[in-house]
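Residues per chain, in single letters:
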Amino acid sequence: MKVYLHGPPRSGKTARLAAQMVEWLNRGVRPDHILALSASRPQAGRFREALGRAAATGSTGQPRIGTFYGLAQQHVGLFFPLVGQAAGFADPRREPAFIDVEAAQYFLNRIVEPRITDFDELRLTRPRLLGQLLDNAHKAALAGFGLDEIAARLSAAWSGDPRRLKAYQRAQDIALEFRRFCLDRGALDFSLQHDMFARHLLQETAYRKFIAGQCRYLLIDNVEELPPIAHDFVRLALSGCDEAIVVEDDPGGFRLFLGADPASARRLRTVCDTVEEAVAPIQDRPIAMFGRTLAAVVAAPAEAPSAGRAAGSRWPRVTLLASKSKFWVSMVQAAADQIIALTGQGMPASAIAVLAPYVEDVLRFELEERLRGAGLRVRAVRPSRPLYDHPVARGLVTLARLGHPDLAAAETRAAGVSTHEIARALTVALAGLDPARAKVLADGAQRVEAGRLPMISDKGVWDRAGMRFRERYEALSGWLSTWRMAESTGSTPPLDVWWQTLFAEILSQPGFGLAADGDGANVADKLVRSARVFREALQATGVAPAQSIAADYVGLLSEGVLAAQYAPERESETGEDGVLLAPVYTYLTGDYRSQVQIWLDVNASGWYDRIHQALTHPYVLSRSWQAMQARFEAEGQADVAMQWSEEDEHRARQDMLRRVIVGLCDRCGDRLYLASSQLGLSGQEEAGALARALQRAL
Amino acid sequence: MSATNRIPVKMGELDPGFVFSQHSLADYDACARRFYLRFIARQAWPMVEDGPEGLSAIDRQAYLRQGKTLHRWIERRLLGLPAGADSTESADAELVVWWERFLATDLSGLPARRTPELELACVVGGARLYARFDLLASDEDGRAVIVDWKTLRGQKPPSPAFFRDRLQTRVYLFALAAAGAPFNGGRPFDPARLSMRYWLANFPERPWVDVPYRRADYEVDRQRLTAMVSAIRARSGEAAFEKTERLQTCAMCDYRTLCARGSARGGVALEDAAIALDDAALLDDTDAPALDA
Ligand code: SF4
């Protein structure tokens with residue numbers, strides 16, 4: 001039996017998937033014939049947890065568990081000799097090099113560099129420009145259309161300044177050139193992997209047979225969060241499998257940035273034997289009921305009569321917080337007071353989630369400060385900070401500029417390392433050195449030799465900085481100077497190995513900065529790996545001489561172009577205890593659930609606004625748009641109908657807001673608090689669609 | 001300055017869903033603290049990864065890459081796909097030699113049903129124990145051979161006893177006997193019908209080493225693996241995972257500066273280190289979830 005199961009969160013769908021997997025194993029199904037796919041790694045973790053629990057009763061077996069993206073990468077790698085030629089690789093007999101987003105951005109940057117002024121009028125920073133150009137290639141691959149359609153789609157949808165059409169054409173030309181570059185050099189970036197998967201591998205007879213043999217039992221979770229080419233794969237697997245459950249969370253489609261397409265997912269219903277609805281009786285879930293009412297108000301015309309009752313009467317479990325507050329901090333204070341009151345009544349802190357469109361450092365800090373007195377912790381699951389923002393990463397980059405032979409030579413020609421950078425690097429390198437003393441040392445060093453870390457003989461400097469640092473400072477200085485003097489040759493260690501050597505010989509030794517700093521060592525390790533993957537991608541594709549790779553890496557890292565790497569966070573920072581603080585979309589895509597939700601900044605438009613992207617468009621570059629276009633063309637009105645109008649944007653926002661509201665409320669068990677202030681964090685006044693809908697619904 | 005740096009990790013418990021493997025058990029066998037640092041604290045410690053026998057970090061990385069490529073080519077071959085090695089001019093010379101030796105190897109003595117890259121998990125001491133075979137060759141009458149492609153280098157191959165005793169062998173054979181029924185028509189394999197073969201890419205004069213299995217071995221392995229898993233699960237907190245007393249174990253350990261147990265550079269080459277390096281070629285594939293991007 002092949003079942004398409006849809007329903008709201010908390011209706012037992014994922015539990016049913018997990019139970020089915022264990023039941024198949026207990027029934028003696030070959031574990032390697034079971035494929036369990038999820039939209040994200042944490043969600044795939046639920047299958048593993050189920051296996052862990054089943055182990056207690058002796059259940060054995062290892063199904064294939066993972067994400068669609070991992071499966072596509074693995075299968076493209078394995079079947080490469082079958083499809084490399086058809087995909088256009090210059091040498092399909094050579095093993096391809098999988099490259100990550102950082103290396104892709106680097107290659108793209110080389111292509112964009114000579115034409116950067118072509119995009120001046122868009123006023124985009126370089127990282128954002130590269131990000132959007134790459135995003136177009138990703139979207140095309142995930143929806144299953146060619147890069148040569150990008151400009152036509154975006155242009156047909158555009159109704160503004162005609163100069164933009166040129167920019168679309170250039171964006172497409174660059175995407176095509178990037179693709180040619182990858183094919184010529186044997187590089188497989190995310191977009192090419194998925195393009196090959198969808199347009200070549202899925203058509204290959206040998207692959208179809210392989211899937212029919214391997215995927216006899218299929219479990220697909222959160223199918224609505226997957227892109228259309230994943231649905232193509234699921235359709236293929238469903239056609240040959242014995243049993244399957246495909247689960248759709250409704251509402252969903254929050255991973256718009258990764259091509260999530262619920263409409264495409266729903267078309268899979270036709271290839272399943274039955275469609276079942278998982279029911280969670282709504283009358284027992286007052287917040288879910290409120291969510292549906294509020295969502296209906298969002299869609300209703302503005303002049304429609306208000307549902308019109310005060311909070312606390314019709315919706316006793318929904319409370320407005322700080323609605324008369326003028327300032328943002330008062331709103332945060334009201335939220336903190338409410339949390340303290342709730343935990344005082346026995347509610348565990350971990351059952352409470354504070355949600356906002358964006359979670360900036362200042363929000364985390366303010367909330368932490370206000371809860372600390374009550375002994376409550378905050379666990380923030382906001383996106384991690386970029387690796388280069390971490391002091392240890394910055395310190396290691398500065399030390400490399402001071403000592404790595406390939407970089408030190410470049411520094412001599414360029415402006416050099418500043419005193420400020422040296423001081424910060426010293427606080428990382430020498431345990432116990434505070435910023436003030438580091439500044440004394442850096443100043444002293446600059447008086448001896450600017451832009452370096454020379455020996456300091458001035459006793460006055462040591463009297464002020466502390467004699468206890470002298471031995472370690474000199475060890476570091478001597479070590480760096482030995483390296484700097486070494487000529488940059490073919491045997492110079494690449495940056496990743498050089499950093500490892502620095503870590504082993506200096507930084508992890510007693511008294512140095514990372515010897516007892518586990519988090520710092522984790523950041524150093526992440527930096528080493530990132531530099532290595534970057535180097536290997538450049539070496540495999542032969543695009544840059546070995547001696548320039550270190551400088552290229554450091555240059556792009558400090559410009560913010562290599563922003564894909566994030567600093568690792570300890571489990572203890574994101575562990576289970578404490579009040580959860582998360583951006584709305586992170587909460588939804590991570591499928592969190594809470595007894596209590598506190599929504600902050602309900603006046604803000606960030607609840608439904610997309611970040612403005614001049615060169616790309618999630619709806620226009622989707623498969624649903626393609627289907628719509630075909631329909632309009634058949635009706636002879638393609639030109640006019642395909643423009644993306646203000647009205648379309650308004651509808652898309654409304655639709656997203658409705659899904660966000662229902663998605664959040666379905667994940668809230670008991671009580672909902674809505675907090676706002678007249679002025680936002682930066683002092684602006686907002687009255688977004690959510691706030692207006694709340695006025696009418698409450 | 002204390003002799004040992006303490007890592008300020010708050011949690012000290014093994015994840016309840018933790019999946020054991022030959023790698024994690026080998027770490028525990030070598031040193032309980034190493035197990036703690038790697039699998040509970042998940043502490044990275046980015047030391048230079050030199051290889052044994054003077055292999056530089058860069059050479060080591062290239063060697064690991066070649067090992068991975070060889071595994072991929074063999075997997076393709078076993079699946080009936082073109083291996084991708086037709087263009088040997090773009091491949092590394094040593095890799096080509098390995099590949100040619102593989103092609104020249106007579107595998108006809110192995111049972112006929114071939115399943116490459118097979119993942120298996122059994123239950124030991126209430127926890128899951130994971131294995132990934134390069135190849136399982138089995139037949140209708142319950143005979144099965146686990147095959148492992150090894151690219152380890154050296155003057156001469158390690159002794160048969162070395163292969164017999166290593167944890168990989170014990171875990172793989174035990175896991176197949178304990179959880180292999182779905183691959184044997186629903187009947188558990190009789191341990192006496194199982195064996196493991198290490199194919200040695202660098203020793204053409206002795207292309208493989210076979211390790212037979214017996215029912216008594218199965219019982220011994222069961223007791224040993226259960227005792228190991230139970231002992232690990234019974235420990236709690238950093239202090240419960242003590243440092244090894246065998247100082248030579250620390251010489252090649254990544255954590256040696258953290259534990260104040262050795263110099264910045266790795267120590268002398270050991271036979272065990274050579275094979276550990278060889279295994280590392282598949283470490284990522286083995287312990288990481290197989291399909292995750
Ligand atoms: S250095 Fe020695 S004591 Fe420390 S983890 Fe490694 S093997 Fe154990």
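All figures in this text were calculated on a predicted structure; none of them were measured in a lab.

Participant: Provide a residue-level description of the sheet that holds strand 14 (residues 668-675) of chain A, including the pertinent values.
Facilitator: Residue and element names in this part refer to chain A. Taking strand neighbours across the sheet as the criterion, the six strands line up as 9-14-13-10-12-11 in an open arrangement whose pairing is parallel. Of all strands in the sheet, those with a lone pairing partner are strand 9 (318-321) and strand 11 (378-380), marking the two edges. On average, adjacent strands in this sheet sit at an angle of 25° to one another, irrespective of strand direction. Where strand 13 (residues 594-599) lies against strand 14, five bridges are found, and the strand directions are parallel. Bridge assignment links S594 to a residue of strand 14, and that residue is C668.

Participant: Let's hear about the interface of chain B and chain A: which residues, and what values?
Facilitator: By a widely used convention, the size of an interface equals the accessible area lost when the partners come together. Chain B puts 56 residues into the contact, and the matching count from chain A is 65 residues. Surface buried jointly by chain B and chain A totals about 4900 Å² across both partners, of which 57% is contributed by carbon and sulfur atoms. Put simply, chain B and chain A have three salt bridges between them. Summed over the shared surface of chain B and chain A, the number is 16 residue pairs in polar contact (both at pLDDT 80 or more). When residues of the side of chain B that touches chain A are assigned to their parent elements, the largest contribution, nine residues, is made by helix 3 (residues 57-78) of chain B. Classifying every residue of the side of chain B that touches chain A by side-chain character gives 33 nonpolar, 10 polar and 13 charged.

Participant: Talk me through the packing of aromatic side chains; I want residue IDs and the actual numbers.
Facilitator: Residues and elements named next belong to chain A. The full count for this structure, using the stated rule, is 44 aromatic pairs over all chains. Ring pairing ties together the aromatic residues F68, Y69, F79, F190, F197, Y207, F210 and F233, which thus form one cluster. Seen from the ring of F145, R153 lies directly overhead, with NZ or CZ sitting 3.8 Å from the centre.

Participant: With reference to specific residues and values, describe the layout of surface pockets.
Facilitator: Residues and elements named next belong to chain A. The computed volume of the second largest pocket comes to approximately 690 Å³. Broken down by element, the residue count for the lining of the second largest pocket peaks at six residues, all from helix 29 (residues 646-666). Here the residues of the lining of the second largest pocket are counted per class, giving 14 nonpolar, five polar and 10 charged.

Participant: Lay out empty space enclosed by the protein in plain terms, naming residues and giving numbers.
Facilitator: All names here are of chain B. Using the criterion set out here, one finds seven cavities of 30 Å³ or more in the structure. As a volume, the second largest cavity reaches approximately 100 Å³. In terms of lining residues, the second largest cavity is bounded by C31, R33, R34, K243, T244, T249, C250, C253, Y255, R256, C259 and R261. Elements that contribute at least two residues to the lining of the second largest cavity include exactly helix 2 (32-40) and helix 8 (247-251). When the residues that make up the lining of the second largest cavity are grouped by side-chain class, the tally is five nonpolar, two polar and five charged.

Participant: Give a description of the pairing of strand 4 (residues 144-150) of chain B that names residues and reports values.
Facilitator: Residues and elements named next belong to chain B. Counted residue by residue, strand 4 has seven buried out of seven residues, so it is predominantly covered. Sheet topology places strand 3 (residues 127-138) next to strand 4; four bridges connect them, and they run antiparallel. Bridged to L136 within strand 4 is I146. Turn length for the strand 3-strand 4 hairpin, with the two strands adjacent in sequence and antiparallel, is five residues, and the turn residue G142 shows positive phi of about 85°.

Participant: Which residues make up the environment of G54 of chain B, and what values go with them?
Facilitator: Looking at the element boundaries, G54 of chain B is found in the loop between helix 2 and helix 3. For G54 of chain B and R215 of chain B, which are 161 residues apart along the polypeptide, the C-alpha to C-alpha distance reads 41 Å.

Participant: Help me get a handle on the packing of helix 23 (residues 518-541) of chain A against helix 24 (residues 546-559) of chain A, residues and values and all.
Facilitator: Residues and elements named next belong to chain A. Across the interface, helix 23 lies against helix 24 with an axial gap of 10 Å and an inter-helix angle of 125°. In terms of their interaxial angle, helix 23 and helix 24 are classed as oblique. The element helix 23 and its partner helix 24 pack so that their crossing is right-handed. In contact with L527, S530, A531, F534, R535, L538 and Q539 of helix 23, helix 24 contributes I549, D552, Y553, L556 and L557.

Participant: An account of helix 5 (residues 101-112) of chain A is requested, with residue identities and associated values reported.
Facilitator: Residues and elements named next belong to chain A. Over its 12 residues, helix 5 runs 16 Å from end to end, which matches the ideal 16 Å to within 8%, given 1.5 Å per residue. In terms of residue burial, helix 5 counts as a mostly covered element, since 10 of its 12 residues are buried. When we look at burial in helix 5, the residues that qualify are E102, A103, A104, Q105, Y106, F107, L108, N109, I111 and V112.

Participant: Please set out the nonpolar core residue by residue, giving values where relevant.
Facilitator: The biggest cluster of nonpolar side chains holds 260 residues, and the ones touching the most others in it are F233, W499, W599 and W607 of chain A. Setting aside residues up to four positions removed in sequence, W499 of chain A forms contacts with L396, V397, A400, L527, V528, A531 and Y553 of chain A.

Participant: So what about the environment of Q643 of chain A? Which residues, and what values?
Facilitator: Residue and element names in this part refer to chain A. Along the chain, Q643 turns up in the loop between helix 28 (638-641) and helix 29. We classify Q643 as partly exposed; its relative accessible area is 33%. Taking the C-alpha atoms as reference points, Q643 and V620, 23 residues apart in sequence, are found 9.2 Å from one another. Ignoring sequence-local partners within four residues, the contact set of Q643 consists of A156, A157, W158, S159, W625 and D648.

Cut-offs used in this document
- Residues numbered from 1 in each chain as written.
- Chains lettered and ligands numbered in written order.
- Predicted model: local features only at pLDDT ≥ 70, side-chain atom pairs only at ≥ 80, totals over all residues.
- Heavy atoms only, no water.
- Pairing = 2+ DSSP bridges.
- Helix = DSSP H or I, 4+ residues; strand = E, 2+ residues; numbered from the N terminus.
- Axes fitted to C-alpha atoms, helices over the stretch in contact; angles between N-to-C directions.
- Contact = heavy atoms within 4.5 Å.
- Buried area = accessible area lost by both parts, 1.4 Å probe.
- Salt bridge = Lys/Arg side-chain N within 4 Å of Asp/Glu carboxyl O.
- Polar contact = N/O pair within 3.5 Å; in protein donor to acceptor, adjacent residues only side chain to side chain.
- Nonpolar A, V, L, I, M, F, W, Y, C, P; charged D, E, K, R; others polar.
- Phe/Tyr/Trp six-rings, centres within 6.5 Å; stacked < 30°, edge-to-face > 60°.
- Lys NZ or Arg CZ within 6 Å of the ring centre and 35° of its normal.
- 1 Å grid on protein atoms, 1.4 Å probe; cavity = no way out; pocket = protein on both sides within 12 Å on 5 of 7 lines; lining within 4 Å.
- Points joined across faces, edges and corners; volume = space filled by probe spheres on them.
- Buried < 20%, exposed > 50% of the residue type's maximum accessible area, 1.4 Å probe, protein only.
- Parallel < 35°, antiparallel > 145°, perpendicular 65-115°, else oblique.
- Left-handed = near helix turned anticlockwise from the far one by under 90°.
- Expected span 1.5 Å × (residues − 1).
- Core = buried A, V, L, I, M, F, W, Y, C linked by side-chain atoms within 4.5 Å.

In short, the description is geometric, and any link to function would need to be established separately.
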